[in-house]
Amino acid sequence: MDVPHDGTGLSAELPEEYVEDITGSVLLLQVIGASSACAMIFGGVVPFIPQYYEIKRTNNSDGFSLYVCLALLVANILRILFWFGKRFETPLLIQSMIMIVTMMVMIRLCVEVRRNHVILKVRDRVLSANEDIMERKNMDLRFFWKWTDFQSYVDCTMLMAIVGSIVTYMLLDVPIFVEILGFSALLTEALLGVPQLQRNYISKSTEGMSVTMVLMWTAGDVFKTLYFLVHLYRHNVPAHHSSRSD
């Protein structure tokens, strides 16, 4: 004989104390899940706030590697494209959009600070080719992501997004391609600290790099892990209680 339910997935004949305990646990999990979701959305952005103000305060961006921004731009563009092939958690999608905007803000600041530090006028390096067809020094790979104007970074980011969108549209029905997109996004994001480590190693100094930013990177990853663990547990709890009440 089936046991009546009260609409929450819990048996109506269970002791009241047990039902209250389970309801309280579910509510706590919902609060933790919502908090973790917010932390995941903004946790990746917040670490760059102290770095932003450190650059503003010192008027020097030499201690921060712009390749960190490149890694995060690539990772989040790939993640958004991956979403079209395999829907994942909405907070992660929102985080990717906010992160792209944040990286553009960081790049703009760094470009402006570095231009202000130029004492002698040097030749601008931009993404587009020079008017002189015989001189395409601007397109030299040695100057990739070392441009002197913000618009070049915007153009490059848009180009990556457009090319990636076209390729994804054509191969969206290929499961292995979608999985490669997701793996590439995770791998690129996991390696975001490598450019900063390389810069610090070459300069033999961590001056200009915000220690708070590094600590917050770690905290953000902890919150992200907590979110997935709670989310996984929440999805398993209803099935567990349902089987006990049958």
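The paragraphs below set out a description of the structure included in this document. Because the structure is a prediction, the values reported are computed rather than measured. (Residues numbered from 1 in each chain as written. Predicted model: local features only at pLDDT ≥ 70, side-chain atom pairs only at ≥ 80, totals over all residues. Heavy atoms only, no water.)

### Some words on unusual backbone geometry
Here is step 1: Positive phi, close to 55°, is recorded for Asn 59, a residue that is not glycine.
Here is step 2: Relative to the helices and strands, Asn 59 is located in the loop between helix H2 (48-58) and helix H3 (66-85).
Here is step 3: Notably, Trp 145 is not glycine yet its phi reads approximately 65°, a positive angle. (Helix = DSSP H or I, 4+ residues; strand = E, 2+ residues; numbered from the N terminus.)

### Things to note about the side chain of Arg 79
Here is step 1: Assignment of secondary structure puts Arg 79 in helix H3.
Here is step 2: A distance of 3.4 Å separates polar atoms of two side chains, one belonging to Arg 79 and the other to Ser 96.
Here is step 3: Only 2.2 Å separates the side chain of Arg 79 from the side chain of Glu 189, close enough to count as a polar contact. (Polar contact = N/O pair within 3.5 Å; in protein donor to acceptor, adjacent residues only side chain to side chain.)

### Describing the pattern of salt bridges
Here is step 1: A full pass over the atoms with the stated rule returns four salt bridges.
Here is step 2: The partner of Arg 57 in a salt bridge is Glu 54, with the nearest N and O atoms 3.0 Å apart. Residue Arg 57 and its partner Glu 54 are both found in helix H2; the two are separated by three residues, about one turn of the helix. (Salt bridge = Lys/Arg side-chain N within 4 Å of Asp/Glu carboxyl O.)

### Section: the nonpolar core
Here is step 1: Counting residues in hydrophobic clusters, the biggest one holds 43 residues, and the most contacted among them are Phe 48, Phe 64, Leu 66, Met 103, Ile 107 and Trp 145.
Here is step 2: For this core, the secondary structure elements donating two or more residues are H2, H3, helix H4 (90-116), helix H5 (150-171), helix H6 (175-190) and helix H8 (211-245).
Here is step 3: Apart from the residues within four sequence positions on either side, Trp 145 is in contact with Leu 66, Tyr 67, Leu 70, Leu 73, Ile 107, Tyr 153, Cys 156 and Thr 157. (Core = buried A, V, L, I, M, F, W, Y, C linked by side-chain atoms within 4.5 Å. Buried < 20%, exposed > 50% of the residue type's maximum accessible area, 1.4 Å probe, protein only. Contact = heavy atoms within 4.5 Å.)

### Notes on the packing of H2 against H4
Here is step 1: Between H2 and H4, the least distance of the axes is 10 Å, while the angle of their chain directions is 15°. Between H2 and H4, the crossing angle belongs to the class labelled roughly parallel. Along this stretch, H2 crosses H4, giving a crossing that reads as left-handed. Listed contacts from H4 to Phe 48, Gln 51, Tyr 52, Ile 55 and Lys 56 of H2 are Met 99, Thr 102, Met 103, Val 105, Met 106, Leu 109, Cys 110 and Val 113.
Here is step 2: Broken down by class, the residue content of the contact of H2 with H4 amounts to 10 nonpolar, two polar and one charged. (Axes fitted to C-alpha atoms, helices over the stretch in contact; angles between N-to-C directions. Parallel < 35°, antiparallel > 145°, perpendicular 65-115°, else oblique. Left-handed = near helix turned anticlockwise from the far one by under 90°. Nonpolar A, V, L, I, M, F, W, Y, C, P; charged D, E, K, R; others polar.)

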